[in-house]
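Chain by chain, the residues:
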Amino acid sequence: MPELPEVEVSRMGIKPHAVGKKITQLNVRQPKLRWVVPAKLYDIEGQIIRSVKRRAKYLILKTDVGYALIHLGMSGSLCIVSEGTMPAKHDHIDLHLSSGQMIRYNDPRRFGAWLWQPNNGSEHPVLDKLGPEPLTADFTGEYLFEKSCNKRTTIKQFIMNNAVVVGVGNIYANESLFMSNIHPKRPAGHLTREEAARFVANIKSVLLAAIEQGGTTLKNFTQVDGKLGYFTQKLQVYGKQGKPCSICGIKLESAKIGQRNTVFCSACQV
Ligand SMILES: [Zn+2]
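Calculation rules
- The written sequence of each chain sets the order in which its residues are numbered from 1.
- Given that this is a predicted model, residues contribute local features only at a pLDDT of at least 70 and side-chain atom pairs are listed and counted only at 80 or more, while totals for whole chains, interfaces and linings are drawn from all residues.
- To obtain the side-chain values, all non-hydrogen atoms of the structure were used and water was disregarded.
- A pair of strands is labelled paired if DSSP reports no fewer than 2 bridges between them.
- In this text, helices come from DSSP runs of H or I with a minimum length of four residues, and strands from runs of E with a minimum of two, each type numbered from the N-terminal end.
- Note: metal donors comprise N, O and S atoms at 2.8 Å or less from the metal (3.2 Å for Na, K and Ca); water molecules are not included, so apparent gaps in a site are possible.
- Angle rules define the geometry names used: all angles between 85 and 135 degrees makes four donors tetrahedral, while opposite donors over 155 degrees apart and all other angles between 65 and 115 make four donors square planar and six octahedral, leaving every other case irregular.
- UniProt positions are given in the numbering used here, feature names are shortened, and annotations may be inferred rather than shown by experiment.
- Every axis in this analysis is a line fitted to C-alpha atoms, fitted for helices over the stretch in contact. Angles between the N-to-C directions lie between 0 and 180 degrees.

J.: Would you explain the pairing of strand S9 (residues 253–257) in this entry?
T.: Working note: regular strand, side chains alternate between the two faces of the sheet. By the bridge criterion, five bridges tie S9 to strand S10 (residues 260–264) in an arrangement that is antiparallel. When the sheet's bridge partners are listed, Ile 257 is paired in S10 with Arg 260. If you look at the hairpin formed by S9 and S10, you'll find two residues sitting between the two strands, and Gly 258 has a positive phi there, around 55°.

J.: Mind showing me how you'd approach the coordination of the zinc ion here?
T.: Ideal donor angles around a metal are set by the shape: a four-donor tetrahedron calls for 109.5 degrees, a six-donor octahedron for 90 or 180 degrees. Within the protein, the atoms that donate to the zinc ion are Cys 245 (SG), Cys 248 (SG), Cys 265 (SG) and Cys 268 (SG), at distances of 2.2 to 2.4 Å. Around the zinc ion sit four donor atoms, and with donor-metal-donor angles ranging over 100 to 113° the site reads as tetrahedral. Between consecutive donor residues of the zinc ion, the sequence gaps follow C-x2-C-x16-C-x2-C. One end of the pair, Cys 245, is in the loop between helix H5 (193–215) and S9; the other, Cys 265, is in the segment after S10, with 20 residues separating them in the sequence.

J.: Before we go on, may I ask you to explain the UniProt feature "domain: FPG-type" (unreviewed entry) in the protein chain in this structure?
T.: Those residues carrying the UniProt feature "domain: FPG-type" (unreviewed entry) are residues 236–270 in this numbering. Along residues 236–270, the helical share is 0% and the strand share 29%, with 17 Å between the first and last C-alpha atoms.

J.: What is the right way to read the sheet that holds strand S5 (residues 77–82) from this model?
T.: Strand-to-strand pairing in sheets goes through backbone hydrogen bonds, with the strands running parallel or antiparallel. With respect to topology, four strands assemble into an open sheet ordered S1-S6-S7-S5, the strand pairing being antiparallel. In the strand order of this sheet, the two ends are held by strand S1 (23–28) and S5, each with one partner. Pairs of neighbouring strands in the sheet enclose a mean axial angle of 20°, with direction left out of account. In the sheet, S5 pairs with strand S7 (residues 101–106) via six bridges, with the strands oriented antiparallel. By the bridge assignment, Cys 79 is partnered in S7 with Arg 104.

Structure below.
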């Protein structure tokens, strides 16, 4: 599943090809994604892309009349191809640009989404109730500490809740909890101020490292087969149940927490 770093790198890959270009045509070959592609999305035709932004795991293509929201779901990906490039299987949507290039969307499992929000003074409902971006100055240890007070939910579920902070997916929750010596089943309300500060710093560093690594694959963006891989940096716990802990050497354990596989060291994480 594309996580925040993959979405951010997609944004970085598309932006230089998209900003300032006119959208000459929208071509939807398969409208049945997670939600049916709204007919209103065709309002984007004839518009100039003013910016390519990201909020949580949504890419936002802004125009003067509204914005398209793109979510990659479980298996979606975007690439830049030349006009006339034959679509492959699962290439569901093309945005034709005045430059002679197209933004092409591929999604084998079709859990992704393309949505439209007209400029009417409000934001699209999917952007409602989202917590701060993890890589901004709004996400601090003090914020997390205050937010966690009296919360009985596990710290792992708490940090993966988009209303608390967006974009901390399963991989990054596993890794940052390990780096912070925090047991994933601990009640969120038991976090100390110092732990919250360390946890926030580690979340930022693990996400930044993934974005940095993903940035090295940007040259693949304009290749038809240039699917961005998973930025599986040097993961310490995710997917490593039964392997020795890199710090103390005992076997890493795993448990389902909120239906998500969680790997941790029961000695290092308390
Ligand atoms: Zn350990």
